[in-house]
Amino acid sequence: MRLCRGLLATARPLPSDVWQFGAGRPRVAVLEGVHGNEITGVEVVKALVEDFTHKGLGIREGQLTVAIGNPLAVAQNTRYIEEDLNRCFDGKSLETSELEKKRAAALSPYLEGLDVLLDLHATNKPSTPFARLPGPIEGRRQRFQVAEDLFLSSLPTSCQTVLWDPHELIAGGSMTDEFALRHAPDGWDGWDGSYGSYICLESGQASDRSSVDAIYLAVLQCLRKLQMLGPLGFEGRPGPGDKKPRAWRHFEIMEKFSLDHRGFEWTNGHGEYNFQVVPAGHVYGRKGQVELRAPEGKESYMVFPKVRNLWAEGRPLGWLARKLEPEEL
Ligand SMILES: [Zn+2]
């Protein structure tokens, strides 16, 4: 098998800040900087490009695409310039002058027909690391198992949380992983007769770079499991990833709440961090005189509570999730 190194000539010129190595299947993409202030992934992508371009790492089989999602936003260390790029992968953004929509249109072909997508993100408020997985309730156990086998099991054991959004309450299906799932290879049998895997990893708070090395190694481990790495693939690198068992917790987003003309304030100490517990029936916020109350029954969990500089009328302030019972997966 020929060892492919560096940039390969492709039929179409690559967009800026997109690199491709190898050809054929499996097709894997590693994205970062879809949000420009989430820098852990930037370091991972820099390391991948450096190692595949200059340090002898080679793709033996299949194709690896590595991309910085929103390079202008990365340069300005801001979430986005005109519009949240991770709300633009709805397949409708082809004819436009808006910066992020144009970028989504340019990146979309590289997210089609993928066997694996690893989209590296971080959160704006403190968070345990977690994976957000796309798709409907049906089949999610299988999708989780493939994701765990290929990537999640190689992450540090601090990552043992999975967030599902089967009703597409975060972005109406316009995020990278949702797009990739919709454009999966026919029958999702991309490799080894199994499902493809489309994973958004939230590595923790955006200012924390401590997980860069571990995520980088987990990405390499994923490529190794897909038998994509050439003979030099693991030379001088640590061996298999973290094999310790972990107690996965699964959550499902149930409702979102958005800013309107009444304004908003968090109450009772809520909105501080991801997966913060909101007891059943508790008031977690206030819009003017109207209290926002968690559902009765079981406790809820706050996810993606927005920092104040991201508040905008008509836009979400956060979401409430519930913990899934083991039999629900
Ligand atoms: Zn993000």
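Attention in this report is confined to the structure presented alongside it. (Residues numbered from 1 in each chain as written. Predicted model: local features only at pLDDT ≥ 70, side-chain atom pairs only at ≥ 80, totals over all residues. Heavy atoms only, no water.)

### Some thoughts on the coordination of the zinc ion
Perfect tetrahedral coordination of a metal by four donors corresponds to 109.5 degrees between them, and perfect octahedral coordination by six donors corresponds to 90 or 180 degrees.
Thought 1: Around the zinc ion, the protein supplies His35 (ND1), Glu38 (OE), Glu38 (OE) and His121 (ND1) as donor atoms, at distances of 2.0 to 2.5 Å.
Thought 2: In this structure, the zinc ion is coordinated by 4 donor atoms arranged in irregular fashion, with angles at the metal of 56 to 151°.
Thought 3: Judged by relative accessible area, which is 3%, Glu38 ranks as buried.
Thought 4: On the basis of relative accessible area, His121 is assigned to the buried category, the value being 3%. (Donors = N, O, S within 2.8 Å, 3.2 Å for Na, K, Ca; no water. Tetrahedral: all angles 85-135°; square planar, octahedral: opposite > 155°, others 65-115°. Buried < 20%, exposed > 50% of the residue type's maximum accessible area, 1.4 Å probe, protein only.)

### Side note on the sheet that holds strand β5 (residues 130-133)
Thought 1: Taken together, 11 strands build an open sheet; the order of strands is β1-β3-β2-β4-β7-β5-β6-β8-β14-β13-β10 and the sheet is mixed. Both edges of this open sheet fall to β1 (18-23) and β10 (276-278), since each of them pairs with a single strand only. If you compare each strand with its neighbour and ignore which way they point, the axes differ by 25° on average.
Thought 2: Relative to strand β14 (residues 316-323), strand β13 (residues 300-303) runs antiparallel, the two sharing 3 bridges. Residue pairing for β14: Met302 is matched across the bridge by Leu320. (Pairing = 2+ DSSP bridges. Helix = DSSP H or I, 4+ residues; strand = E, 2+ residues; numbered from the N terminus. Axes fitted to C-alpha atoms, helices over the stretch in contact; angles between N-to-C directions.)

### Some points on the pairing of strand β7 (residues 197-205)
Thought 1: In terms of residue burial, β7 counts as a mostly covered element, since 8 of its 9 residues are buried.
Thought 2: The sheet contact formed by strand β4 (residues 116-123) and β7 spans 7 bridges and is parallel. Pairing of Asp119 across the sheet is with Cys200, part of β7.
Thought 3: Taken together, the 3 bridges between β5 and β7 define a ladder with antiparallel strand orientation.

### Considerations on the packing of aromatic side chains
Where two aromatic rings form a pair, the distance of their centres and the angle of their planes describe that pair.
Thought 1: According to the stated counting rule, one finds 13 aromatic pairs in the structure shown.
Thought 2: Between Phe144 and Trp248, the aromatic rings sit 5.4 Å apart at their centres with planes inclined by 80°, giving edge-to-face as the arrangement. Taken together, the positions of Phe144 in helix α4 (residues 140-150) and Trp248 in the loop between α6 (212-225) and β8 (249-258) put the pair 104 residues apart, joining distant regions of the chain. Here Phe144 matches Trp248 in class, with each residue buried.
Thought 3: By way of ring pairs, the aromatic residues Phe130, Phe251, Phe275, Tyr301, Phe304 and Trp319 are connected into one cluster.
Thought 4: A cation over a ring is seen here: Arg140 above Trp164, with NZ or CZ 5.8 Å from the ring centre.
Thought 5: Against the face of Phe275 rests Arg249, its NZ or CZ located 5.9 Å from the ring centre. (Phe/Tyr/Trp six-rings, centres within 6.5 Å; stacked < 30°, edge-to-face > 60°. Lys NZ or Arg CZ within 6 Å of the ring centre and 35° of its normal.)

### Side note on empty space enclosed by the protein
Thought 1: Counted by the stated rule, this structure contains 3 cavities of 30 Å³ or more.
Thought 2: Size it by volume and the largest cavity reaches roughly 180 Å³.
Thought 3: Lining the largest cavity are 19 residues; nearest its centre among them are His35, Arg79, Glu202, Phe304 and Lys306.
Thought 4: Elements with a minimum of two residues in the lining of the largest cavity: β4 and β7.
Thought 5: Considering each element in turn, the lining of the largest cavity owes the most residues, 3 residues, to β4. (1 Å grid on protein atoms, 1.4 Å probe; cavity = no way out; pocket = protein on both sides within 12 Å on 5 of 7 lines; lining within 4 Å. Points joined across faces, edges and corners; volume = space filled by probe spheres on them.)

### Focus: the environment of Gly196
Thought 1: Relative to the helices and strands, Gly196 resides in the loop between α5 (176-182) and β7.
Thought 2: Between the alpha carbons of Gly196 and Asp115 there is a distance of 4.6 Å; along the sequence they are 81 residues apart.

### Some thoughts on the packing of helix α1 (residues 40-54) against α6
Thought 1: The N-to-C vectors of α1 and α6 enclose an angle of 50°; their axes lie 9 Å apart at closest approach. Judged on the interaxial angle alone, α6 and α1 are oblique. The two elements α1 and α6 meet at a crossing, and its hand is right-handed. Across the interface between the two elements, Thr40, Glu43, Val44, Ala47, Leu48, Asp51 and Phe52 of α1 pack against Val212, Ile215, Tyr216, Val219, Leu220 and Leu223 of α6.
Thought 2: Residue composition of the contact of α1 with α6, grouped by class: 10 nonpolar, 1 polar and 2 charged. (Parallel < 35°, antiparallel > 145°, perpendicular 65-115°, else oblique. Left-handed = near helix turned anticlockwise from the far one by under 90°. Contact = heavy atoms within 4.5 Å. Nonpolar A, V, L, I, M, F, W, Y, C, P; charged D, E, K, R; others polar.)

### Things to note about the layout of surface pockets
Remark: the empty space left among the atoms is shown by a probe the size of a water molecule rolled over them.
Thought 1: One number sums up the size of the largest pocket: a volume of about 230 Å³.
Thought 2: Taken together, 16 residues form the lining of the largest pocket, with Asp84, Arg87, Lys306, Arg315 and Pro316 sitting closest to its centre.
Thought 3: Here the lining of the largest pocket is composed, by residue class, of 8 nonpolar, 1 polar and 7 charged.
Thought 4: For the lining of the largest pocket, the domains that each give at least three residues are domain 1 (18-225) and domain 2 (254-328). (Domains from an automatic or database assignment.)

### A word on the side chain of Ser108
Thought 1: Positionally, Ser108 belongs in the loop between α3 (99-107) and β4.
Thought 2: For Ser108, the contacting residues outside a window of four places in its chain are Phe89 and Phe179.

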